[in-house]
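Below, each chain spelled out in residue letters.
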Amino acid sequence: AQRVTQPEKLLSVFKGAPVELKCNYSYSGSPELFWYVQYSRQRLQLLLRHISRESIKGFTADLNKGETSFHLKKPFAQEEDSAMYYCALRGDSWGKLQFGAGTQVVVTP
Amino acid sequence: EAGVTQFPSHSVIEKGQTVTLRCDPISGHDNLYWYRRVMGKEIKFLLHFVKESKQDESGMPNNRFLAERTGGTYSTLKVQPAELEDSGVYFCASSQQRGFQETQYFGPGTRLLVL
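Residues numbered from 1 in each chain as written. Chains lettered and ligands numbered in written order. Predicted model: local features only at pLDDT ≥ 70, side-chain atom pairs only at ≥ 80, totals over all residues. Heavy atoms only, no water.

Caption draft 1: Fine view of the pairing of strand 11 (residues 110–114) of chain B. All names here are of chain B. Judged by which residues are buried, strand 11 turns out to be one-sided: Thr110, Leu112 and Val114 face inward and are buried, whereas Arg111 and Leu113, on the alternate face, are not. Across 4 bridges, strand 2 (residues 10–13) lies against strand 11 in parallel orientation. The residue bridging valine 12 from the neighbouring strand is leucine 113, located in strand 11. Note: strand 9 (residues 88–95) against strand 11, 3 bridges, orientation antiparallel. Within strand 11, the residue paired with glycine 88 across the bridge is leucine 112. (Buried < 20%, exposed > 50% of the residue type's maximum accessible area, 1.4 Å probe, protein only. Helix = DSSP H or I, 4+ residues; strand = E, 2+ residues; numbered from the N terminus. Pairing = 2+ DSSP bridges.)

This is how it looks when you write it as structure tokens:
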């Protein structure tokens, strides 16, 4: 069965500290993986996708097919990174997204 | 360019009543999706329109939910009759492309509370 798991509901880090959000997935084929972010009072927006292999706002994520993981990392957290982060999977080349439960990140000064 | 808009932003109704949610996608976007997040759970896919046709409605929970997209522009999602477990946030998303370049743009959501 297709599944996206984000084991941490809440992640609290200090400003300047590294942050890593875990995402594991199960899918029989080759999925496309995404990270979406929702800042306070804003709409859900795409942060990055694995196929682009780019860094957005200092965040990177590497698809590890052996471990079926797509963890999101940032070396130095900023207060503006406080938000809800969702890992999502798309099994077909386009269409519906399957989301994890989300991780709330709180960056304290 | 205006983003995806949803109306209403909030709705409070009693069990057994009917509610209709509306989504206006970004102009020119053929793909329109409905998702919902029930309290404490993950965001779940409901259905996908391509223009006016239902491409995938595998996520619709039951026949109390009816989605339409007349003319391939805006979409409505009707819940009739509403039950307590329908409470949650209903998101709409739209996209223009197909294939690996597809990016879904989300609306602000409609918060539905069924009492």
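On we go from here.
Caption draft 2: Region of interest: the environment of histidine 48 of chain B. Looking at the secondary structure, you find histidine 48 of chain B in strand 5 (residues 43–50). C-alpha separation for the pair histidine 48 of chain B and serine 95 of chain B, spaced 47 residues apart in sequence, amounts to 11 Å. Not counting residues within four places of it along the chain, the set of residues in contact with histidine 48 of chain B comprises Trp94 and Gly95 of chain A together with Asn31, Leu32, Tyr33, Ser53, Lys54, Gln55 and Asp56 of chain B. At 3.1 Å, the side chain of histidine 48 of chain B forms a polar contact with the side chain of asparagine 31 of chain B. (Contact = heavy atoms within 4.5 Å. Polar contact = N/O pair within 3.5 Å; in protein donor to acceptor, adjacent residues only side chain to side chain.)

Caption draft 3: Representation of the state of the cysteines. Enumeration according to the criterion identifies 2 disulfides over all chains in this entry. Paired through a disulfide, cysteine 23 of chain A and cysteine 87 of chain A show a sulfur-sulfur distance of 2.0 Å. Its S-S torsion of about -65° marks the bond between cysteine 23 of chain A and cysteine 87 of chain A as left-handed, since a negative value means left-handed. Highlighted residues: cysteine 23 of chain A in the loop between strand 3 (19–21) and strand 4 (24–26) and cysteine 87 of chain A in strand 9 (residues 83–90), separated in sequence by 64 residues. Across this residue pair, the class does not change: cysteine 23 of chain A and cysteine 87 of chain A are buried. Paired by a disulfide, cysteine 23 of chain B and cysteine 92 of chain B hold their sulfur atoms 1.8 Å apart. With the S-S dihedral at roughly -60°, the linkage between cysteine 23 of chain B and cysteine 92 of chain B falls on the left-handed side. (Disulfide = S-S within 2.5 Å.)

Caption draft 4: Quick look at the interface of chain B and chain A. Across the contact, 25 residues belong to chain B and 18 residues belong to chain A. For the pair chain B and chain A, the summed buried surface comes to about 1900 Å²; carbon and sulfur atoms form 56% of the total. The shortest N-O distance in the salt bridge between glutamate 102 of chain B and arginine 90 of chain A comes to 2.8 Å. At the surface where chain B touches chain A, the tally comes to 13 residue pairs in polar contact (both at pLDDT 80 or more). Listed by contribution, the elements that provide at least two residues to the side of chain B that touches chain A are strand 4 (31–38), strand 5 and strand 6 (53–56) of chain B. A breakdown of the residues in the side of chain B that touches chain A according to their chemical character gives 10 nonpolar, 10 polar and 5 charged. (Buried area = accessible area lost by both parts, 1.4 Å probe. Salt bridge = Lys/Arg side-chain N within 4 Å of Asp/Glu carboxyl O. Nonpolar A, V, L, I, M, F, W, Y, C, P; charged D, E, K, R; others polar.)

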